[in-house]
Amino acid sequence: MGSLSELLAKEGFVRDNFNRKKVRFNRTVAAPDHDSISLPIYICRDRKSIDVPKHKKSSSVVSSKGRLSSASRRSDEPAIDEVATKAVISILSGYAGKYLKDKDFRDSLRNKCQSCLVRRSNGLSDNGVFANMELGIESIEKLIDNPGTIKELKMKALRNSIGFLTIVAALNSKESRHGTTCGTPNSHLSACAQLYLSIVYKLEKNDRISARHALQVFVDSPQLARTHLLPDLWEHFFLPHLLHIKIWYHKQIDNLSDDCSKDQEEQINNLSKIYEDHMDMGTIQFALYYKEWLKTGGQPPATLPSVALPSISLLSSSSSRRRRSSSFGNFLHRAVFGAPIEKQASMESDYGAMEQKEEEEELCLDDYDTNQQKIVQSTLSDLRSSSSKPDYTRFLPCQTLQTESRFTRSSSIASSSSDLTRAISSITTSENLPECETAIRVITKSWLDDQLIEKQLSHPSVIEGMLEVLFASTNEEILELVISLLTELVSKNPANGKIILTLDPRLEGFTELMRNSSLFLKASILLHFVKPEAKQMISTEWIPLVLRVLEFGDQTQQLFSVRCSPQIAAYYFLDRLLTGFDEDRNLENGRQVIAIGGLSLLLRRMTNGDDVEKCKAVSVIYWCIQADGRCRHYLADNLNPELILALLVRGKEVDGKFCNEIVFSLLVELICLHRFEQRTKLFNKLLKGLDCLNTMQILLVSLQKATQEKRPLIATIMLQLDLFMGDPLKSSVYREEAIDAITEALDCQICNENVQEQTAKALLILGGRYAYTGTPEAENWILKEAGYDESLEGGFHGRYFIVQGSKHLNEDDEIDHWQRKAAMALWISGGEKLIRAIGESIGYGIPCLARASLVTVAWMSKFVHTVGDGDVLQSAALSTLIRKLIDSLNRDNTIEERVLASFSLLALSKSSGFMFEISEDEKMAMVVHLRNISKVTWTAKRLASVITGSPSRRHSGV
């Protein structure tokens, strides 16, 4: 879940002028024009004549020539209010969208609601309220669990859900909102109903209405919503508006903790109640505000809610500090909309008049202690002024005339050098930029002479001052000195990195530094040592900025005593950007890497880099395939398999993990190619081996060393390569080892869920048919062969034929021939042991493994006639498998699983003679089950006729 400013950044409105401190450096010169990022020019392209711009050190006197910001508004961009509205809708409806994608989240939300829907008074009538709520939830869950539902039925179910839930939501009327139903507060019932109504409208793709219902949850029962139902959404969306109340509350608690009076506990209880009441009141006000915004369209309401601090003083007598009264709503309105609103009289009188000097001192202290407030300063007013040079001093805590005394009170900085003392004083108190730049030179000289001053420089106020200079100065010599100093400090003490992240929590200042064509490599190293999290890298600029570092970061950079490769930093950032967000944002970033040519750059880095870099590049490429599976075709043609095999042989350990794991994950993705001709070329390249090493031997050793989870996937690769170069009737040691590994992984009694999931994936890959995105398609192919089409309301197509042209027919023939070879190898080499294991996994495996086993049996049975009268067809193992297939015809299974079972049983009935082994009662039960699916697959009708036309043999111990 992102903030409003994050979503605005997604839409292309990247902040270039954000709120910082009020006091700025006094300077008359304008900033020079840093080179802005132009994505198509040099990112991820062959350099040719383009090279890294030479480093130029500027003098302390800079030109007054202005510039037009790269973030200037383009004529084709949407209006700010329109984008802001879209961002608000995306945040709120996105939470409902998570419900559709995440089963664990669905279960969690249902449990939360059920805990609120407990009848506390069983003797009273509920007028069907609880039943309506339960029916509404069940209807939604069924739609999500069965995404293939016919459109008309889906719409009818949605309408029914809305009807059920609306009845419950009506309990929030003026007459009943404060009442109860069977002892359960009506406000709780209504809030739960509104939450599921939000999900229903998300299913209907009506995001605006979905967002309004999500807001209504916080109106109906703010306490329940923010603490129990939707705490994450409240923290991301509402808390920034109410952060001043939370800060005030914790300060009051701190003061009371020093008070040993008898009524301390009572005071704390009263304070907590006041705090909770104000949080509820503020939550309702802002929920109604945003709800009205979405109702009126793109224009926000004229009046922003103003939530005052509680009018209460619970400070301990020992405390000498006063607390200020503030309308945080007024501040937020000025930040967001640029237009002041009148102060309310009630807020002016909360604490009475305060001396100006004390108020300014308090503002500085609060600002320094509560940097988290800056998350609400990333606002629309900044975007409206995006054409001007960003002032990177405004986001730092204010430095007023009282700063020197604060610095004296809170720090123990001492130096034997009077020059250093004056420099530190200047960097922390002065408002004159040239004076601070001179101080940086003095500090640098002292650091190079004696690094024992580390403790003095590691004070938050000193780091704050240096960072302020870094984001305000235009002298590249000074910028490089500051970057080097900060890198040294962070490398020696990671806590200093946390201070930097506190001061620039959204990395706006670092984003500007990364745009600088002379300093972006050194800036990337500093940021790498700072170790930002993904949530702080929200700008859409980060992908091209990081790829530029990867492109030009060949040379190790020296920052005083720190030596580091910028490419190490680039891979760290890419890992955060591709894995550190929620799934949707991770995939979006992966697609952006592909779109701007990142894959070609990564392939070049794999060729030129060492094993560590190769492994990191493999990881990034793997996540790119997860984002857009179509890129695997480009990779299959351009990736040198020798590089992959070399990594497998050397078994390098990177970041505590063996490189082999991610390499095999990539290799599995690469072989899932849609076109068989391309698959053949890849197999040929893989089988060439590495120098004198045989590829199959490399895979065999890797299989023997692999973890239990990786074994089935490695076995799948080895089996496919063995089949590609060998005769399906002639077994080999590689084939035997691969099939044994798959058989062991099918044992549900000893394999955990993770192993079973990987085994299911391995079986589907063995099917040999893939979509263009790489998704296994064996199941869809079998279902179409069986005449099943989920888009039909009834009936079937008959047999499925491809009539797309000779080229496609030849391609399909090749895949059909491949499947025949694979089926023969599994029937013959796998034998009874494999068949028994597949049967057991159908009956006892986790759902995805049971389904994959059904699919595997289906395409194997299609070619069972090629085996002849082998022993396996007369074995007890096959009888066990057939029993599991008969059980799968039961109505408890999905329609697709029953079709797959009927397809397999029909094929096996022609070769195994199992019909003679089942009783009349079992036959009749089968016929009943088959009639239930006879309208969707011809196999059911054909199998039913085979059953009724065949004689039976009574079971008598034979």
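These figures come from a predicted structure and were not determined experimentally.

Asker: Looking at this model, I keep getting lost on the overall build of the chain. Mind explaining?
Answerer: Counting its regular elements, the chain contains 45 helices and six strands. Within the chain, the proportion of its 958 residues that are buried is 55%. Partitioning the intrachain contacts of the chain with sequence separation of at least 6 by distance along the chain shows that 77% fall at a separation of at least 24. With an accessible surface of roughly 42400 Å², the chain has 50% of that area assigned to carbon and sulfur atoms.

Asker: I'm lost on helix α25 (residues 520-530) in this one. Help?
Answerer: Quick reminder: α-helices carry 3.6 residues per turn. Residues three or four places apart thus point the same way. Among the eleven residues of α25, ten are classified as buried, and the element is accordingly described as predominantly covered. Taken residue by residue, α25 has F520, L521, K522, A523, S524, I525, L526, L527, H528 and V530 as its buried positions. At the exit of α25 stands K531, carrying a positive phi of roughly 60°.

Asker: What is the right way to look at the state of the cysteines in this model?
Answerer: Linking two cysteines covalently through their sulfur atoms gives a disulfide. Considering all chains together, one arrives at one disulfide under this definition. The disulfide partner of C615 is C659, and the gap between their sulfur atoms is 2.2 Å. Disulfide C615-C659: the torsion about the S-S bond is 125°, which places it as right-handed. Taken together, the residues span a long stretch of sequence, with C615 in helix α30 (residues 611-627) and C659 in helix α33 (residues 659-671) at a distance of 44 residues.

Asker: Please explain the pattern of salt bridges as it appears in this structure.
Answerer: Where charged atoms from two side chains of opposite charge come close, those side chains can pair. Taken as a whole and judged by the stated rule, the model has 33 salt bridges. A salt bridge links K273 to D277, with the nearest nitrogen and oxygen atoms 3.2 Å apart. Placement of both K273 and D277 in helix α12 (residues 264-296) is noted, with a separation of four residues, approximately one turn of the helix. Among the residues examined, K273 registers a relative accessible area of 53% and is labelled exposed. We classify D277 as partly exposed; its relative accessible area is 40%. One salt bridge in this structure joins R576 and D575, with 3.3 Å as the shortest N-O distance. Residues joined in a network through salt bridges with shared partners are R110, E134 and E141.

Asker: What exactly am I supposed to notice about the environment of I717 here?
Answerer: Mapped onto the elements, I717 comes out in helix α36 (residues 711-725). Sequence-distant contacts of I717, that is, excluding residues within four places in its chain, are made with F664, L667, V668, I671 and L699.

Asker: Please explain the side chain of Q557 as it appears in this structure.
Answerer: Within the fold, Q557 resides in strand β3 (residues 557-559). A relative accessible area of 14% places Q557 in the buried class. In this structure the side chain of Q557 is engaged in a polar contact, spanning 3.2 Å, whose partner is the side chain of K522. Side-chain polar atoms of Q557 contact the backbone oxygen of Q555, separated by 3.4 Å. Dropping the residues within four chain positions of it, Q557 is found in contact with L521, K522, I525, V562, R563, C564 and P566.

Asker: Teacher, can you tell me more about the packing of helix α32 (residues 641-650) against α33 here?
Answerer: Between two packed helices, both the angle of their axes relative to each other and the distance between the axes serve to describe the pair. Following both chains from N to C, one finds α32 and α33 inclined at 150°, their axes separated by 9 Å at the closest point. Classified by the angle between their axes, α32 and α33 sit roughly antiparallel to one another. Note that α32 runs across α33; the crossing there is left-handed. Facing α32, whose interface residues are I644, L647 and L648, α33 presents C659, N660, V663, F664, L666 and L667. Here the contact of α32 with α33 is composed, by residue class, of eight nonpolar, one polar and no charged.

Asker: Just checking my understanding: could you explain the confidence of the model for the chain for this structure?
Answerer: Any segment with low pLDDT has predicted coordinates that should not be analysed in fine detail. Taken as a whole, the chain shows an average pLDDT of 76; of its residues, 73% reach a score of 70 or greater. When pLDDT is averaged over each element of the chain, α25 comes out on top at 95 and helix α2 (residues 39-42) at the bottom at 30. Overall, residues 951-958 carries pLDDT values under 50, and its contacts beyond four positions in sequence, including any with other chains, amount to 16 contacts.

Asker: Even after reading the chapter, I still don't get the environment of L889, so can you show me in this structure?
Answerer: Mapped onto the secondary structure, L889 falls in the loop between α42 (876-888) and α43 (895-909). On a C-alpha basis, the gap between L889 and I933 in space is 9.1 Å, while along the polypeptide they are 44 residues apart. Every residue in contact with L889, bar those within four places of it in the chain, is listed here: R898, A901, S902, L905, M926, H929 and L930.

Asker: Sorry, what's going on with the nonpolar core here?
Answerer: Inside soluble globular proteins, nonpolar side chains tend to come together where they are buried. If you look at the biggest cluster of nonpolar residues, it comprises 190 residues, and the most contacted ones within it are I427, M466, L470, L486, I621, W827 and W859. Per-element tally for this core: the top contributor is helix α40 (residues 806-844), with twelve residues.

Asker: When you look at the packing of aromatic side chains in this model, what are you seeing that I'm missing?
Answerer: Each aromatic ring pair is summarised here by two numbers: the centre-to-centre distance and the angle between the ring planes. In the structure shown here, the tally under the stated rule is 15 aromatic pairs. For the ring pair Y572 and F573, a centre distance of 5.8 Å and an interplane angle of 70° mean the geometry is edge-to-face. The same class applies to Y572 and to F573, which are both buried. Counting every residue linked through ring pairs, the aromatic cluster contains F218, F237, F238, Y289, Y290 and W293. In this structure, R548 is placed above the aromatic ring of F520, and the distance from its NZ or CZ to the ring centre is 4.0 Å.

Asker: Would you explain a negative patch on the surface in this entry?
Answerer: On the surface, E661, E709, E753 and E757 cluster together to form a negatively charged patch. With respect to the helices, strands and loops of the structure, E709 is situated in the loop between α35 (695-705) and α36.

Asker: Explain the packing of helix α21 (residues 460-472) against helix α23 (residues 494-503) to me, please; I cannot follow it from the model alone.
Answerer: In the contact formed by α21 and α23, the axes pass within 10 Å of each other and the chain directions differ by 55°. Put simply, α21 runs oblique to α23. Here α21 and α23 pass one another in a crossing that is right-handed. Within the contact between the two elements, α21 uses P460, I463, E464 and L467 and α23 uses N496, I499, I500 and L503. In terms of residue class, the contact of α21 with α23 is built from six nonpolar, one polar and one charged.

Asker: Looking at this model, I keep getting lost on the side chain of E551. Mind explaining?
Answerer: Structurally, E551 can be placed in helix α26 (residues 542-552). You can call E551 buried: its relative accessible area is 3%. Side-chain polar atoms of E551 contact the side chain of R604, separated by 2.9 Å.

What counts and what doesn't
- Note on numbering: residues in each chain are counted from 1, in written sequence order.
- It should be noted that, the model being predicted, local features are given only for residues of pLDDT at least 70 and side-chain atom pairs only at 80 or more, the latter also being counted only at that level, while totals for whole chains, interfaces and linings use all residues.
- As a convention, hydrogens and water are excluded, and side-chain values are obtained from all of the structure's heavy atoms.
- Only DSSP runs of H or I covering at least 4 residues are called helices, and only runs of E covering at least 2 are called strands; the numbering of each starts at the N terminus.
- Each residue's exposure class comes from its accessible area (1.4 Å probe, protein chains only) as a fraction of the maximum for that residue type: buried when under 20%, exposed when over 50%, partly exposed otherwise.
- Any two residues having at least one pair of non-hydrogen atoms within 4.5 Å are treated as being in contact.
- In these tables, accessible area is a Shrake-Rupley quantity obtained with a 1.4 Å probe, and a residue counts as shielded only by the protein chains included in the view.
- Note on terminology: disulfide denotes any pair of cysteine sulfur atoms within 2.5 Å.
- The rule for a salt bridge is simple: a side-chain nitrogen of Lys or Arg has to be within 4 Å of a carboxyl oxygen of Asp or Glu.
- In the analysis that follows, any N or O atom pair within 3.5 Å is treated as a polar contact, provided that within protein one partner can donate a hydrogen and the other can accept it, and provided that, for residues neighboring in sequence, both atoms belong to side chains.
- In this analysis, axes come from line fits to C-alpha atoms, helices being fitted only over the stretch in contact, and the angle between any two N-to-C directions falls in the range 0 to 180 degrees.
- An angle counts as roughly parallel when it lies under 35 degrees, as roughly antiparallel when it exceeds 145, as roughly perpendicular when it falls between 65 and 115, and as oblique in every other case.
- Helix crossings fall into two classes, left-handed where the near helix is turned counterclockwise from the far one by less than a right angle and right-handed where it is turned clockwise.
- Gly is placed with the polar residues, together with every amino acid not listed as nonpolar (Ala, Val, Leu, Ile, Met, Phe, Trp, Tyr, Cys and Pro) or charged (Asp, Glu, Lys and Arg).
- Every residue is assigned a pLDDT by the predictor, reflecting its confidence on a scale from 0 to 100.
- Residues belong to one nonpolar core when they are buried, are Ala, Val, Leu, Ile, Met, Phe, Trp, Tyr or Cys, and are joined through side-chain atoms within 4.5 Å.
- Side-chain rings of Phe, Tyr and Trp, where Trp is taken by its six-membered ring, are said to pair if the distance between their centres is within 6.5 Å; with planes under 30 degrees apart they count as stacked, over 60 as edge-to-face, and otherwise as tilted.
- Criterion for a charge above a ring: Arg CZ or Lys NZ at most 6 Å from the ring centre, at most 35 degrees from the ring normal.
- Each patch is built from residues lacking any salt bridge and having more than 30% relative accessible area; the joining distance is 9 Å for like charges and 5 Å for nonpolar side chains (Val, Leu, Ile, Met, Phe, Trp, Tyr).
- Working convention for charge: Lys and Arg count positive, Asp and Glu count negative, and His plus the chain ends are omitted.
- A charge is said to be at NZ when it belongs to Lys, at CZ for Arg, at CG for Asp and at CD for Glu.

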